[in-house]
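Next come the chains, spelled out residue by residue.
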Amino acid sequence: GPWLGERRCESGGFWPPWCPSSIDERTWPELRNRLEASSDFILARIEASRGLAAAGMADPNGNRRAHLLAAQDWARKALLLDRSDEEAWYLAGLIGQALGDGNSTTYFAEAWRRPGPSREDAKSQLSRVFAERGAGGESFEQWVSGLKAVLAEAGILKAPQHQDSREYAGSAVCGGCHAREYESWKQTGMARMFRKYEAGIAPSDFSGRAIFRDSEGRPAARPYTEHGKPFFSVRGLDGAWSAYPVDYVIGSKWQQAYATRFPDGRIQVFPIQFNLARGAWVDYWERIDPPGSARASVERFSSGVSTATYQSNCAPCHTSQLRLPNGEEHAATAEFAEGGINCEMCHGPSAAHVNATRSGASAAAAASQYPVRFNRLTAAESVAICSQCHMQSAVRMPEEGGAVNFAESGGKFYRASLNRPYVDFSRQAFYKDGRFRVTTFIVESFVRSACFRKGGASCASCHDPHPADAAENPVSLKFPADSDEMCLQCHLSYRARAGAHTHHAPSSRASRCVACHMPRIMEAVMFSARSHQIDDLPDAAMTERFGQKQSPNACLICHPDKDVRWLGEQLALWRR
């Protein structure tokens, strides 16, 4: 309810929907943003003061950096709400400078362009940078005016100039109102799909002691650290060793990949990746590619194998709003809004919604077409959005303007999946009984199930892309503490008679729904994932015909000491 002295705003469209009684409703949205920006600015100064005060002190727990990163978040939130505040721009520059952020010069330039007490301080910072870099034939004013703002990557986007329903706002803008979801999303694997390297985000062994050897036992690569930055030393075809810095980190949950930017702009992914579950270096391409793969050869890395170029091979599922303006053959010129999977890859372009909300438009007008609300979608529409990355994803056809993983034309913001025929894949991708073996087909497995076809279940029925416990819930389950709840939300009758249905003690692992209906029979990289053909039942006849390796049976996974004959007898007894 309202605080004392507030009234409900008829315009709605923003939160909280209460106006102070002394303020005109029409001016309240702008004033509210300025007040929030001031609060965020103060919090940024507090965190920055704590971080800068720790400069030069022993800081084994990284508290200085943690305070500075928190300050950076608050400063960005302040600027999202009020871009006219030159003090906030200047503070963002100081914080970025302390963090070694290359955007700090741009922040100082923005502060210098605005009148206010920090303008001269910002000019001093810019003058110092200008003097260090050398004039290069241009005046100070020319250099400052030519600074290209790179604020999209920092999460601070310029306000859209019109109400184009196809215009994107950026995740940080979404976080201005949806703070809980935004903060939780930042902890998920989707948000961490592709990041610039920063200290602390690569928990791999870059000590220099680990040496990766090729199939013949010869040293092929050595990860090491120099001046606080990780590098790979790689042996080439000629036997010479070359060093490459780790500029980007890909992934965060089970396996982490690393990439370096070549001088021509291509981002090349190292074949050597670190498996976090096993704590070991592996040649990722060697494990997933057919024999003889060029990109799996560590010695060929220096030549820039095209299938190991991030922009053309990985970015469609690891990067948001990807565009190849000059075609796939010019991957170095790729453009993208954000690394990782941002809010708008799932909810659609939301700049019009942001503008409507900030201008005090009605809630209905602010909602309009986007952002998409998953509880209003059909199962097919909901799954289609997830399918952008979780179905087979090797086929990409850029639009005329270069858009790769989003649509700038047509009725939907996302692209329809383009699938290769199953006969084009290796037979090893499937079991002989017809089920999918590899997680490339996780969604194809799900849409075969009656849960989707008849029950209207979707990925969002069981998964929450921004759960409250994201750090401890890597697969984003809605009910991580009790997986049965995901099934019981539809199959209510089994709640009171679980033992009669499962033929196992209700409290046992074998009595969990997933034990029989989602066994771990799908192959991921160095671990087994659960099948998503959820209504699948243990089939003794198929296992007898093809064997456990080619028709894995959930019962024999738990009872490896039993045979198919025993399996058939038990299942026959249960059906009586």
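This is a predicted model, so every value here is computed, not measured.

Definitions and cut-offs
- Residues numbered from 1 in each chain as written.
- Predicted model: local features only at pLDDT ≥ 70, side-chain atom pairs only at ≥ 80, totals over all residues.
- Heavy atoms only, no water.
- Axes fitted to C-alpha atoms, helices over the stretch in contact; angles between N-to-C directions.
- Helix = DSSP H or I, 4+ residues; strand = E, 2+ residues; numbered from the N terminus.
- Parallel < 35°, antiparallel > 145°, perpendicular 65-115°, else oblique.
- Left-handed = near helix turned anticlockwise from the far one by under 90°.
- Contact = heavy atoms within 4.5 Å.
- Buried < 20%, exposed > 50% of the residue type's maximum accessible area, 1.4 Å probe, protein only.
- Pairing = 2+ DSSP bridges.
- Salt bridge = Lys/Arg side-chain N within 4 Å of Asp/Glu carboxyl O.
- Core = buried A, V, L, I, M, F, W, Y, C linked by side-chain atoms within 4.5 Å.
- Patch = residues over 30% accessible without salt bridge, like charges linked within 9 Å, V, L, I, M, F, W, Y side chains within 5 Å.
- Areas by Shrake-Rupley, 256 points an atom, 1.4 Å probe, with all protein chains shown as cover.
- Phe/Tyr/Trp six-rings, centres within 6.5 Å; stacked < 30°, edge-to-face > 60°.
- Lys NZ or Arg CZ within 6 Å of the ring centre and 35° of its normal.

> Would you explain the packing of helix α3 (residues 86-99) against helix α4 (residues 104-112) in this entry?
A pair of packed helices is characterised by two quantities: the angle between their axes and the separation of those axes. Two numbers describe how α3 lies on α4: the axes approach to 8 Å, and their chain directions differ by 160°. Considering the angle they form, α3 stands roughly antiparallel to α4. Judged by the twist between their axes, the crossing of α3 over α4 is left-handed. Only Ser 104, Tyr 107, Phe 108, Glu 110 and Ala 111 of α4 make contact with α3, whose side of the interface consists of Glu 86, Trp 89, Tyr 90, Ala 92, Gly 93, Leu 94, Gly 96 and Gln 97.

> Explain the environment of Ala 529 to me, please; I cannot follow it from the model alone.
Topologically, Ala 529 is positioned in strand β16 (residues 528-529). Its relative accessible area of 13% is what places Ala 529 among the buried residues. Distance in space between the C-alpha atoms of Ala 529 and Met 518 is 9.0 Å, their sequence separation being 11 residues. When near neighbours in sequence (up to four residues on either side) are disregarded, Ala 529 contacts Thr 439, Pro 519, Arg 520, Ile 521 and Met 522.

> In this structure, what is going on with the environment of Ala 332? I would like to understand it.
The topology assignment puts Ala 332 in the loop between β13 (319-320) and β14 (338-339). Distance in space between the C-alpha atoms of Ala 332 and Arg 266 is 4.4 Å, their sequence separation being 66 residues. Each residue touching Ala 332, except ones within four places of it in the same chain, is listed here: Asp 264, Gly 265, Arg 266 and Gln 311.

> How should unusual backbone geometry be read in this particular structure?
Trans is the common state for peptide bonds, and a negative phi is the common state for residues other than glycine. Even without being glycine, His 227 reaches a positive phi, approximately 55°. Looking at where His 227 falls in the secondary structure, it is placed in the loop between β5 (219-226) and β6 (229-235). For His 227, a relative accessible area of 80% translates into the label exposed. Notably, Gln 321 is not glycine yet its phi reads approximately 50°, a positive angle.

> Sorry, what's going on with the sheet that holds strand β7 (residues 241-245) here?
Hydrogen bonds along the backbone pair up the strands of a sheet, which may run parallel or antiparallel. Pairing in this open sheet of 4 strands is antiparallel, and the strands run β4-β5-β6-β7 from one edge to the other. Strands at the two margins of the open sheet, each flanked by one partner only, are β4 (212-213) and β7. Strand direction decides the pairing type here: β6 and β7, joined by 5 bridges, are antiparallel. Among the inter-strand pairings, Phe 232 is bridged to a residue of β7, identified as Tyr 244.

> Help me understand the pattern of salt bridges, please; the structure alone is not making it clear to me.
Oppositely charged side chains are able to pair whenever their charged atoms sit close together. Evaluated as defined, the whole model comprises 23 salt bridges. Note that Lys 229 and Asp 247 form a salt bridge whose closest N and O atoms lie 3.7 Å from each other. With Lys 229 in strand β6 and Asp 247 in the loop between β7 and β8 (248-250), the pair connects residues that are 18 residues apart, well separated along the chain. Between Arg 437 and Glu 523 there is a salt bridge, with the nearest N and O atoms lying 3.5 Å from each other. Here Arg 437 is found in the loop between α16 (379-390) and α17 (442-447), whereas its partner Glu 523 is found in strand β15 (residues 522-523), with 86 residues between them in sequence. One continuous salt-bridge network, built from bridges that share partners, spans Asp 214, Glu 216, Arg 218, Arg 235 and Glu 299.

> Looking at this structure, how should I read the pairing of β6?
For a regular strand, side chains alternate in direction, first toward one face of the sheet and then toward the other. Of all 7 residues making up β6, 6 are buried, and the element is well covered by its neighbours. Here β5 runs beside β6; their pairing, made up of 6 bridges, is antiparallel. When the sheet's bridge partners are listed, Thr 225 is paired in β6 with Pro 230. Counted along the chain from β5 to the antiparallel partner β6, the turn is 2 residues long, and its residue His 227 has a positive phi close to 55°. What sits between β6 and β7 in their antiparallel hairpin is a turn of 5 residues, with Gly 239 showing a positive phi close to 90°.

> Just to check I follow, could you spell out the nonpolar core for this structure?
Taken as a class, soluble globular proteins show a tendency for nonpolar side chains to be buried jointly. Leu 91, Ile 95, Trp 112, Leu 126, Phe 140, Trp 143 and Val 144 are the most contacted members of the largest nonpolar core, which totals 26 residues. Mapped onto this core, the elements with two or more residues apiece are α1 (28-53), α2 (63-81), α3, α4, α5 (119-133) and α6 (140-145). With 7 residues, the top contributor of residues to this core is α3.

> Even after reading the chapter, I still don't get a nonpolar patch on the surface, so can you show me in this structure?
A contiguous nonpolar surface patch, about 240 Å² in accessible area, is contributed by Ile 42, Leu 43 and Ile 46. Looking at where Ile 42 falls in the secondary structure, it is placed in helix α1. For Ile 42, a relative accessible area of 49% puts it in the partly exposed group.

> Please clarify how the packing of aromatic side chains should be interpreted in this entry.
In this description, a pair of aromatic rings is defined by centroid distance and the angle of the planes. Following the criterion strictly, the structure yields 33 aromatic pairs and no others. On the numbers, 5.4 Å between centres and 85° between planes, the contact of Phe 206 with Trp 281 is edge-to-face. With Phe 206 in the loop between β3 (194-196) and β4 and Trp 281 in strand β12 (residues 280-283), the pair connects residues that are 75 residues apart, well separated along the chain. Both residues of the pair, Phe 206 and Trp 281, count as buried. Feature note: the residues Phe 206, Phe 232, Tyr 244, Tyr 258, Phe 262, Phe 270, Phe 274, Trp 281 and Phe 301 constitute an aromatic cluster, connected by ring pairs. The cationic tip of Lys 77 hangs over the ring face of Trp 74; the distance from NZ or CZ to the ring centre is 4.8 Å. One Lys or Arg, Arg 420, reaches over the ring of Phe 425 and ends 4.3 Å from the middle of that ring.

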